[in-house]
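Single-letter residue listing:
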Amino acid sequence: MAGFAELQRHLEAKSSPSGALLAFLETRRRDFEIERDLAHQLTQHLASAERRPVRSDAWAALQTYCEAIADYFYPANNIAHTTWYTRLLDKVRGQVERGHTDVWWDPSISGDPKGDHAREQLLHLTTIALRDLPEAFKPINASFAELQTKLL
Amino acid sequence: MLEGVIAGSLKSVYDMVLALLSAHDAQKRNLFVDHVKPLHERLVAIHKD
């Protein structure tokens, strides 16, 4: 979540991001791809796990916890966020390279070509950072608490 | 630097989950202390990043 803070600052100031920031955000995009790959691999390992470190109800709780981890890194609803993020980066980078005066210009959210697009992107980013990401982490905390009661 | 930390953290989560799943003949408490708790702490750190 802290990784979005610099992007948020530029959106609030409506200032152009530096090349270094864009490079960092591109790296974060690659991390999303790594996360999805790891989640996929974890799910496969979980499904094929033959040795069970604990039995019965504790194993069920352990499975639920691992599934929550995989879902956090690759939930179905995260695809929309990733798509939005990828599109935003591509658009901003293109407009920086073309010397566009308003690098945040993107009417796709409101449909209004004269709207305050930096503010629209900021609202979208804030919703993801303050609502969606914490919400996505809740199943991990809940299953961790359940697993803790089974193991201790 | 930060990029390396992120990638390293994700890889470590993967390794930690695999270690958790492959642990066997472990006492429940040890499984929690040695695997589950450190894994969860790492996940919380990544979530905050």
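Residues numbered from 1 in each chain as written. Chains lettered and ligands numbered in written order. Predicted model: local features only at pLDDT ≥ 70, side-chain atom pairs only at ≥ 80, totals over all residues.

Student: Help me out: how do you make sense of helix H5 (residues 117-151) of chain A in this one?
Tutor: For an α-helix the count is 3.6 residues per turn, leaving residues at separations of three or four pointing the same way. Between its first and last C-alpha atoms H5(A) spans 50 Å; for 35 residues at 1.5 Å apiece the expected length is 51 Å, and the two agree. At Ile128(A), H5(A) shows its maximal kink, close to 35°. (Helix = DSSP H or I, 4+ residues; strand = E, 2+ residues; numbered from the N terminus. Expected span 1.5 Å × (residues − 1). Bend = angle between axes of the 7 residues up to and from the residue.)

Student: Explanation requested: the environment of Phe4(A) in the structure shown.
Tutor: All names here are of chain A. Checked against the element boundaries, Phe-4 lands in the segment before helix H1 (5-13). Residues Phe-4 and Leu-122, 118 residues apart in the sequence, show an inter-C-alpha distance of 10 Å. Contact partners of Phe-4, with chain neighbours within four places excluded, come to Leu-125 and Ala-129. (Contact = placed C-beta atoms within 7 Å.)

Student: Is there a simple way to think about unusual backbone geometry in this case?
Tutor: The phi angle of most residues is negative, glycine excepted, and most peptide bonds adopt the trans form. Its identity as a non-glycine residue notwithstanding, Lys14(A) has a phi of 55°, on the positive side. Residue placement: Lys14(A) occurs in the loop between H1 and helix H2 (19-48).

These results come straight from atomic positions and should not be treated as a statement about function.
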